[in-house]
Structure formats: C-alpha cells, structure tokens
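Structural overview
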Amino acid sequence: MISSLRGQVLSIGLDHAVVEVGGVGFAVQATPATLAALRRGEEALLSTALVVREDSLTLFGFADAEARELFGLLQTVSGIGPRLALATLAVLEPDKLRAALAEGNLTVLTQVPGIGRKGAERLVIELRDKVGQLQTAPAAAQGTGQVRTQVSEALLGLGFPAKQAEQTVDAVLAEDGALGTSEVLRKALAALGRKR
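Parameters at a glance
- Residues numbered from 1 in each chain as written.
- Predicted model: local features only at pLDDT ≥ 70, side-chain atom pairs only at ≥ 80, totals over all residues.
- Heavy atoms only, no water.
- Salt bridge = Lys/Arg side-chain N within 4 Å of Asp/Glu carboxyl O.
- Helix = DSSP H or I, 4+ residues; strand = E, 2+ residues; numbered from the N terminus.
- Buried < 20%, exposed > 50% of the residue type's maximum accessible area, 1.4 Å probe, protein only.
- Phe/Tyr/Trp six-rings, centres within 6.5 Å; stacked < 30°, edge-to-face > 60°.
- pLDDT = per-residue confidence, 0-100.
- Contact = heavy atoms within 4.5 Å.
- Pairing = 2+ DSSP bridges.
- Axes fitted to C-alpha atoms, helices over the stretch in contact; angles between N-to-C directions.
- Parallel < 35°, antiparallel > 145°, perpendicular 65-115°, else oblique.
- Left-handed = near helix turned anticlockwise from the far one by under 90°.
- Nonpolar A, V, L, I, M, F, W, Y, C, P; charged D, E, K, R; others polar.

1. Regarding the pattern of salt bridges
Under the counting rule described, the total for this entry stands at six salt bridges. The salt bridge involving Glu43 is made with Arg6; its shortest N-O contact spans 3.2 Å. With Glu43 in strand E4 (residues 43–53) and Arg6 in strand E1 (residues 4–12), this pair connects stretches of sequence that are 37 residues apart. Relative accessible area serves as the criterion here: at 48%, Arg6 is assigned to the partly exposed category. Its salt-bridge partner being Arg98, residue Asp95 comes within 3.7 Å of it at the nearest N-O pair. Within this pair, Asp95 and its partner Arg98 are both found in helix H4 (residues 94–103), separated by three residues, close to a single helical turn. Overlapping salt bridges, with partners in common, bring together Glu66, Asp95 and Arg98 in one network.

Below is the structure:
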C-alpha cells in the first residue's frame, strides 16, 4: 500500500498530477483543491490511497490524511466507488462532508453529481456513526498542525517570507481552527494581499 508520496511535481492536469519519487513518476488522481495547492517543479507531500482493480492500479492523492480516511470510508458504502468518493471530496470539504453526514443533511450530500436522494440516505445511515469515530480530539489537533504546515509551505513556494507566512496562517487558524487546507490558504492569501 502506498500511503504517501513526497517528491517533485512534474506536471499538473485537470484531474491528476505526476509526482516524481526516486526517478519514478507517479500519476496521482486528486481533487481540484488539492491540485491547486501544487506547483510544478516544487516538492509536494500527498497522502495517498492505492485502488487495485483487475485491470488497473490507480493512485489517489489528498492534501491530508483526514481526507484520505474519508475517501476510504465513503467506499465502504455500496454503490460508491473511488471516482464518486473523489467527486464527493471535490464538492464537499472534509469538515462540511462530516457535518452533513452527522446531521443527516441530504440537501448538502445531493450537491455531489452522481449522488441522488437514495444514495445520500444510504450514506447517512451507514456513515453517521463512523464519522464521529474518525474525528477525535487528538486527530483534530493533528489536523490543524498539518494544515498549518501545508499552507505555510504553499505560501513559501509562492515567494512569501517564512515568518510572515507562518504568522498569517496562525492568525487565520486562530479565527477558525476547523477550516480545511484550501480555505486557510485562500484566507491567508487574502490577508497577505492586503498587506502588500
């Protein structure tokens, strides 16, 4: 099982990126938000899940381990394969997805192309209790640290000074520690843009 990749980003497509690790280029399927955080020619760290089929091996990449866990959990529901699980994470950030499942919010879940009302009901019935178990206090704290590191690295890659990047990310997380990586990056960039 390949659970993570760290290496130089060789190329970024609409639905995948190629990351070189030890001279081998791995094609990694990912959500638009994950791909947006990558920069060609720079090093990236992705949590990954390898899906083995009779005729293919497909690697899926995520900004953090939390998204990867949800990806695996979604596939435990009948009728949800890796493509639909990835589409779900592309439409709904992990926190929003977890909240929708816990609250039984079918309206939010049916925003995902390919998930109708019956599919949303099945997701809620089968995963409501499991998403609560995924989100434990230590994991949430670890998630915040991971988000801080990833966003700080992304800002460094964009040319911001390390101290300024870290202080801005800390300020954004102090306002709302439950934000996902892409939301923190967006808010940090907006804050840094105002300072320039």
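2. Section: the packing of aromatic side chains
This model, assessed by the stated rule, comprises two aromatic pairs. Both rings, one in Phe60 and one in Phe71, keep their centres 5.0 Å apart while their planes meet at 40°; by these two values the pair is tilted. Here the residue Phe60 occupies a position in strand E5 (residues 56–62), and Phe71 occupies one in helix H2 (residues 65–74), the gap between them amounting to 11 residues. For the residue pair Phe60 and Phe71, the accessibility class agrees, reading buried in each case.

3. Some words on the confidence of the model for the protein chain
Atomic detail in the predicted coordinates should be set aside for any region of low pLDDT. Looking at the protein chain as a whole, its pLDDT mean stands at 85, while 92% of the residues score no less than 70. Taken together, the stretch residues 136–142 has pLDDT below 50 and engages in one contact with residues farther than four places along the chain or on a different chain.

4. Some thoughts on the environment of Ala30
Following the sequence through the fold, Ala30 ends up in the loop between strand E3 (24–29) and helix H1 (32–36). By relative accessible area, Ala30 is classed as buried at 6%. Measuring from C-alpha to C-alpha, the distance between Ala30 and Ala191 comes to 27 Å, with 161 residues separating the pair along the chain. When residues no more than four places from it in sequence are discounted, the contact partners of Ala30 are Asp15, His16, Leu35, Gly61 and Leu86.

5. Quick notes on the pairing of E5
Counting buried positions along E5 yields five of seven residues, so the element is predominantly enclosed. Bridge count between E4 and E5: seven bridges; the pairing is antiparallel. Bridged to Leu50 within E5 is Leu59. Linking E4 to E5, which pair antiparallel, is a turn of two residues.

6. Digging into the packing of H2 against H4
Relative orientation and spacing of two packed helices are given, respectively, by the angle between their axes and the distance between those axes. Their axes nearest at 10 Å, the elements H2 and H4 cross at an angle of 40°. By the angle between their axes, H2 is oblique relative to H4. The element H2 and its partner H4 pack so that their crossing is left-handed. Taken together, the residues of H4 that come into contact with H2 (itself represented by Glu66, Ala67, Leu70 and Leu74) are Pro94, Asp95, Leu97 and Arg98. When grouped by side-chain class, the residues that make up the contact of H2 with H4 number five nonpolar, no polar and three charged.

7. With respect to the side chain of Thr58
For Thr58, the location among the structural elements is in strand E5. The buried category is assigned to Thr58, whose relative accessible area is 16%. Setting aside residues up to four positions removed in sequence, Thr58 forms contacts with Gln29, Ala49, Leu50, Val51 and Arg83.

8. Topic: the environment of Leu92
Position of Leu92 among the secondary structure elements: in the loop between helix H3 (82–91) and H4. For Leu92, a relative accessible area of 0% gives the class buried. For the pair formed by Leu92 and Val108, sequence separation is 16 residues and the distance between their alpha carbons is 8.4 Å. Excluding its chain neighbours within four sequence positions, the residues that come into contact with Leu92 are Leu97, Val108, Leu109, Gln111 and Val112.

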